[in-house]
Amino acid sequence: MIQTSPKTQIFNHPDRFIEGWYWLLRCRDLRVGQVKAVSLLGRNLAVYRTIKGNVVAMDAYCPHMGAHLAEGRVEGESLRCFFHNWKFTADGHCADIPCLEKKLPIKLQTWPVKEAYGLIWLWTGTDPKLPLPFAPELEEEAVDAQVSKIFIKECHPNVVMVNAIDAHHFNTVHNFPVEIKFKSDIINPNVITFNNITKGGEDSWFVRLIKPLYKEEATYNMCYWYGSVGTVTLGPDFLHFYIMFALRMLENGKTEGATILMTKRRPGLLGWLFNQFVLFVTALVGNYFAKGDTQIFKTIKFNLKTPIWADQSILEFIHHVEHQQGLTWGSWHSIDIKQNS
Ligand code: FES
Ligand SMILES: [Fe+2]
């Protein structure tokens, strides 16, 4: 045993999550002039696309009498409540009350939103402190991306996330012939990376087979954003694959996730065709990844009671999660946590 099991206040907590970007809807599921009810992390929202094509997310219930604003209709850049027709602008101000001449100083809470990778994302605070998640190698790149899957898991998003850095399970579940080792780097308080630094393994035919494809270590890098979005970078030196797993917590600490395949945008029709092929292969890689653990996620009651050296990366992840800004399910109020270290 290398450490005692950590006492956690955010990690794997069914009523807490980290302030960050979370996906709401697929972009294509919100057409111009459409409004939808979305429940995110215990909060009910009305999300609409304005006539100019912008997405607006606001708290769901009308400040007049509590009607759900997703029953309403989009009017230009604003949203009109179905019940008594009060109108709210994209920044939440009440702009019109049909039976009242003067305006009331009422403002609905709205939330910052962005569209990327085929999804609409929402920042769960008032002021986004981070860019949208990206794979580090693609930071400066335009990307082609596809949402390949929306999925549910029976366990907490943090628990799904640590699977990708659970060193020993690569041998036991995914039949890897070498012991995997990671090196972690904290990029900023909300972003941590784990890069594969595994050496050796030449006595395995598998390692001998793939050895000519890379210089130092085979690329397998994880980059985590606020404990809920993980980007995987993997593959031989000449072609890296990128998969983003964007998770959000459901009631009772379960997970709904989106798998996003991405690659660097390549010019021209040939570039586009090549990218379709790359994304197709990326999907196969992603499926292979996800397959072995499915059953575990259905029944696990995560409790790292007995950490050993092979669980080091998981402990580092937990530590990193615990030092981020926690928010409460539903209210999205900040949680004040007294840190021990
Ligand atoms: S409840 Fe919305 S206008 Fe009355
Ligand atoms: Fe796995």
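The structure presented is a predicted model; accordingly, all values stated were derived computationally and were not measured. Numbers given to residues run from 1 along each chain, matching the order in which its sequence is written. Key to labels: chains lettered from A, ligands numbered from 1, both in the order written. The model is predicted, so local features are restricted to residues of pLDDT at least 70 and side-chain atom pairs to those at 80 or more, both for listing and for counting; the totals for chains, interfaces and linings are taken over all residues. As a rule here, side-chain values cover all heavy atoms of the structure and leave hydrogens and water aside.

A few words on the overall build of the chain. For helices the rule is a DSSP run of H or I covering at least 4 residues; for strands it is a run of E covering at least 2, with both sets numbered from the N terminus onward. Scanning the chain from N- to C-terminus turns up six helices and 21 strands. Atoms counted for the radius of gyration: C-alpha only. Globule rule: 2.2 Å times the number of residues to the power 0.38. A compact globule built from 341 residues would reach a C-alpha radius of gyration of about 20 Å, and the chain, at 22 Å, matches this within 12%. Taking the principal axes of its C-alpha atoms as reference, the chain extends roughly 80 × 55 × 35 Å. The long-range share in the chain, meaning contacts at least 24 apart out of those at least 6 apart in sequence, stands at 58%. When the accessible area of the chain is evaluated, it comes to approximately 17200 Å², of which 55% is carbon and sulfur surface. When charges are counted, Lys and Arg contribute as positive and Asp and Glu as negative, whereas His and the chain ends are disregarded. The atoms used to mark charge sites are NZ of Lys, CZ of Arg, CG of Asp and CD of Glu. Side-chain charges of the chain comprise 35 positive and 33 negative groups, with the mean position of each set lying 4 Å from the other. Throughout, a contact is declared for two residues whenever any of their heavy atoms are within 4.5 Å. For the area figures, the Shrake-Rupley method with a 1.4 Å probe applies, and any residue is considered shielded solely by the protein chains shown.

Turning our attention to the sheet that holds strand S18 (residues 241-249). Taken in spatial order, the seven strands of this open sheet run S13-S19-S18-S17-S16-S15-S14, and their pairing is antiparallel. Two strands lie at the open edges of the sheet, namely strand S13 (143-153) and strand S14 (182-188), each paired on one side alone. Within this sheet the neighbouring strands show an average axis-to-axis angle of 20°, counted without direction. Working convention: axes come from line fits to C-alpha atoms, limited for helices to the stretch in contact. Angles between N-to-C directions cover 0 to 180 degrees. Along the sheet, helix H6 (residues 312-322) contacts S14, strand S15 (191-196) and strand S16 (219-225); its crossing angle with S15, the most-contacted strand, is approximately 170°. Strands are labelled as partners when DSSP assigns at least two bridges between them.

This part takes up the layout of surface pockets. Note on definitions: the grid is 1 Å and covers protein atoms alone; a cavity is a set of points where a 1.4 Å probe fits but cannot get out; a pocket is an open set with protein on both sides within 12 Å along at least five of seven lines; lining residues have an atom within 4 Å of a point. Grid points are joined across faces, edges and corners, and a volume is the space filled by probe spheres set on the points. Approximately 450 Å³ is the volume attributed to the second largest pocket. Residue lining of the second largest pocket: 24 residues in total, with Phe151, Lys153, Phe245, Ala290 and Phe297 positioned closest to the centre. Sorting the residues of the lining of the second largest pocket by element identifies S13, helix H1 (157-162), strand S17 (229-235), S18, helix H4 (268-291) and helix H5 (294-299) as the ones contributing at least two each. Here the lining of the second largest pocket takes five residues from H4, the largest share from any one element. Residue type decides the class: Asp, Glu, Lys and Arg count as charged, Ala, Val, Leu, Ile, Met, Phe, Trp, Tyr, Cys and Pro as nonpolar, and the leftover types, Gly among them, as polar. Across the lining of the second largest pocket, the residue classes tally to twelve nonpolar, six polar and six charged.

Attention shifts here to the coordination of the iron ion (ligand 2). The donor set covers N, O and S atoms within 2.8 Å of the metal, switching to 3.2 Å for Na, K and Ca, and it leaves out water, so a site may look short of donors. Coordination sphere of the iron ion (ligand 2), protein contribution only: Asn163 (OD1), His169 (NE2), His174 (NE2), Asp293 (OD) and Asp293 (OD), at 2.1 to 2.8 Å. All donors of the iron ion (ligand 2) come from a single chain, and their spacing in sequence reads N-x5-H-x4-H-x118-D. One end of the pair, His174, is in the loop between helix H2 (169-172) and S14; the other, Asp293, is in the loop between H4 and H5, and 119 residues separate them in sequence. Each member of the pair, His174 as well as Asp293, carries the same accessibility label: buried. Between buried and exposed lies partly exposed: a residue is buried under 20% and exposed over 50% of the maximum accessible area for its type, with that area taken using a 1.4 Å probe on protein chains only.

Attention shifts here to the domain arrangement of the chain. Segmentation of the chain into domains, including their bounds, is taken from an automatic or database domain assignment. Annotation of the chain at the domain level lists domain 1 (21-123) and domain 2 (136-328). Centre-to-centre, using C-alpha coordinates, domain 1 lies 34 Å away from domain 2. Taken together, the contacts link eleven residues of domain 1 with 17 residues of domain 2. Across the domain 1 to domain 2 interface the summed buried area is about 1300 Å²; carbon plus sulfur atoms make up 68%. Salt bridges are defined by distance alone: a side-chain nitrogen of Lys or Arg within 4 Å of a carboxyl oxygen of Asp or Glu. Applying the counting rule to domain 1 against domain 2 returns zero salt bridges. In protein, a polar contact means a hydrogen-donor-capable atom and an acceptor-capable atom, both N or O and within 3.5 Å, with residues adjacent in sequence counting only if both atoms are side-chain atoms; elsewhere, any N or O pair within 3.5 Å suffices. Applying the counting criterion to the domain 1 and domain 2 interface returns four residue pairs in polar contact (both at pLDDT 80 or more). Elements supplying a minimum of two residues to the side of domain 1 that touches domain 2: strand S2 (21-26) and strand S12 (119-123). In terms of residues, the side of domain 1 that touches domain 2 owes the most to one element, S2, which gives five residues. For the side of domain 1 that touches domain 2, a count of residues per class yields nine nonpolar, one polar and one charged. Once two parts are joined, some of their accessible surface, as seen by a 1.4 Å probe, is lost; buried area is that loss totalled over both.

In summary, the side chains of a regular strand alternate between the two faces of the sheet. Relative to S15, S14 runs antiparallel, the two being bridged by six bridges. Residue pairing in the sheet places Phe182 in a bridge with Asn196 of S15. Taken together, S14 and the strand that follows it, S15, pair antiparallel across an intervening segment of two residues.

The aromatic pairing rule takes the rings of Phe, Tyr and Trp, using the six-membered ring of Trp, and pairs them if the centres are within 6.5 Å, calling planes under 30 degrees apart stacked, those over 60 edge-to-face and the rest tilted. Overall, the coordinates contain 15 aromatic pairs when judged by the stated rule. With a centroid separation of 5.8 Å and an interplanar angle of 90°, the aromatic rings of Phe17 and Tyr22 are classed as edge-to-face. We note that Phe17, like Tyr22, is buried. Counting every residue linked through ring pairs, the aromatic cluster contains Phe11, Phe194, Tyr224, Phe302 and Phe317. The positively charged end of Arg43 is found above the aromatic ring belonging to Trp332, 5.3 Å away from the centroid. For a ring to carry a charge above it, either NZ of a lysine or CZ of an arginine must fall within 6 Å of the ring centroid while also lying within 35 degrees of the normal to the ring plane.

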